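Below, each chain spelled out in residue letters.
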Amino acid sequence: MPPSPWSHTRSAAVADDIDFEIKGQELQFLEIELDAGESAVAEAGSFVWKDASVQMTTVFGDGSGDAGGGFMGKLLGAGKRLVTGESLFTTVFTHTGSGKARVAFAAPTPGNILPLNLGQLGGTLICQKDSFLAAARGVSIGIHFQKRVMTGLFGGEGFIMQRLDGDGWVFVQMGGTLVERELKPGEELHVDTGCLAAYTPGVDFDLVMAGGVRSVLFGGEGLFFARLRGPGKVWIQSLPFSRLAGRMLQAAQGGGGNRGEGSILGQIGNLIDGN
């Protein structure tokens, strides 16, 4: 099996820079190497294994406000996480020994773990809810509100998405295969609303009609596409977890995976097949 292309080795010129490697193909896990005193923050429930010298501590909020802000700052951070569907707590893993130590985390669904250096993206990333997996300590996990009512109602992720701020490494989980696109100023891309995984703040996110009445009724793609207009970067996932869960629920109920599943034509097919 070929090694993952996602790996990073510390640069001597960069301070507080964690080393990491993402292993596996469809079912990936993240392995972070810490120097003495370094810390990584992870979503609760993502831990796989660690060296004995790595101390695990559960903190209130995202762990980024421990150096200041007091109780209210921590409470605000925890509240933001709760709004985006995350736990009130995160887990901080700190290397308290000497030399190097490792800790590993895994995504809860099949897909890809994407490493991003927020410092190279202007300091901010907007992504789907529940996508945060882990980060170098200091990354702030907040909320991003959709400004347009129609985008919030039909945009696939609702009015609220996750906002990750900082200048360090952050690791987000995406479903299925991942595609990265860089849009030039004014360049547009139409994406299924559920397949939009993340984008940089410079990208304008809006909705466009999926087509005429026939396309809406029989196309199985819903009413709208996500319209993304550059400049900026966009990440697209091929298998949103909601789509995977829907297929599993359909199979459990005896519906199987029929063609034209999202349209009226698909329901007629169910009758013909005896489902």
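Thresholds, definitions, all that
- Residues numbered from 1 in each chain as written.
- Predicted model: local features only at pLDDT ≥ 70, side-chain atom pairs only at ≥ 80, totals over all residues.
- Heavy atoms only, no water.
- Helix = DSSP H or I, 4+ residues; strand = E, 2+ residues; numbered from the N terminus.
- Buried < 20%, exposed > 50% of the residue type's maximum accessible area, 1.4 Å probe, protein only.
- Contact = heavy atoms within 4.5 Å.
- Phe/Tyr/Trp six-rings, centres within 6.5 Å; stacked < 30°, edge-to-face > 60°.
- Salt bridge = Lys/Arg side-chain N within 4 Å of Asp/Glu carboxyl O.
- Core = buried A, V, L, I, M, F, W, Y, C linked by side-chain atoms within 4.5 Å.

**Considering the side chain of Asn117**
For step 1, the next point in the chain: With respect to the helices and strands, Asn117 occurs in strand β9 (residues 111-117).
For step 2, the next point in the chain: Residue classification places Asn117 among the buried residues on the basis of a relative accessible area of 16%.
For step 3, the next point in the chain: Excluding its chain neighbours within four sequence positions, the residues that come into contact with Asn117 are Asp167, Gly168 and Trp169.

**Concerning the packing of aromatic side chains**
The geometry of an aromatic ring pair is captured by the separation of the ring centres together with the interplanar angle, meaning the angle of the planes.
For step 1, the next point in the chain: Counted according to the given criterion, the structure contains five aromatic pairs.
For step 2, the next point in the chain: Ring geometry for Phe20 and Trp169: centres 4.9 Å apart, planes at 65 degrees, overall edge-to-face. Here Trp169 lies in strand β14 (residues 169-175) and Phe20 lies in strand β2 (residues 19-23), a separation of 149 residues in the sequence. Both residues of the pair, Phe20 and Trp169, count as buried.
For step 3, the next point in the chain: Measuring from centroid to centroid gives 4.9 Å for Phe20 and Phe171, while their planes differ by 80 degrees, and the two rings are edge-to-face. Of this pair, Phe20 sits in strand β2 while Phe171 sits in strand β14, and the two are 151 residues apart along the sequence.
For step 4, the next point in the chain: On the basis of relative accessibility, which here comes to 0%, the residue Phe171 falls in the buried class.
For step 5, the next point in the chain: An aromatic cluster is present here, built from Phe20, Trp169 and Phe171 joined pairwise through their rings.

**Describing the environment of Leu27**
For step 1, the next point in the chain: Its location among the elements puts Leu27 in the loop between β2 and β3 (29-35).
For step 2, the next point in the chain: The exposure class assigned to Leu27 is exposed, which follows from its relative accessible area of 66%.
For step 3, the next point in the chain: For the pair Leu27 and Ala107, spaced 80 residues apart in sequence, the C-alpha to C-alpha distance is 7.9 Å.

**Observations concerning the environment of Leu189**
For step 1, the next point in the chain: Structurally, Leu189 is set in strand β16 (residues 188-192).
For step 2, the next point in the chain: Residue Leu189 is classed as buried on the basis of its relative accessible area of 13%.
For step 3, the next point in the chain: Taking the C-alpha atoms as reference points, Leu189 and Ala226, separated by 37 residues in sequence, lie 8.0 Å from one another.
For step 4, the next point in the chain: Beyond its immediate sequence surroundings of up to four residues, Leu189 is in contact with Arg181, Leu183, Ala226, Arg227, Leu228 and Ile236.

**A closer look at the pattern of salt bridges**
For step 1, the next point in the chain: Applying the stated criterion across every chain yields a total of eleven salt bridges.
For step 2, the next point in the chain: Put simply, Arg181 and Glu187 hold a salt bridge, and the shortest N to O gap is 3.6 Å.

**Considering the nonpolar core**
For step 1, the next point in the chain: Ranked by internal contacts, the top residues of the largest apolar core, which has 20 residues, are Leu30, Ile32, Phe105 and Phe171.
For step 2, the next point in the chain: Elements supplying a minimum of two residues to this core: β2, β3, β4 (39-43), β8 (100-106), β11 (132-136) and β14.
For step 3, the next point in the chain: When sequence neighbours within four positions are dropped, the list of residues in contact with Ile32 reads Ile18, Asp19, Phe20, Ala40, Ala101, Arg102, Val103, Phe105 and Phe171.
For step 4, the next point in the chain: Counting residues in each nonpolar core, the second largest holds 17 residues, with Leu121, Ala135, Val172 and Met174 among its members.

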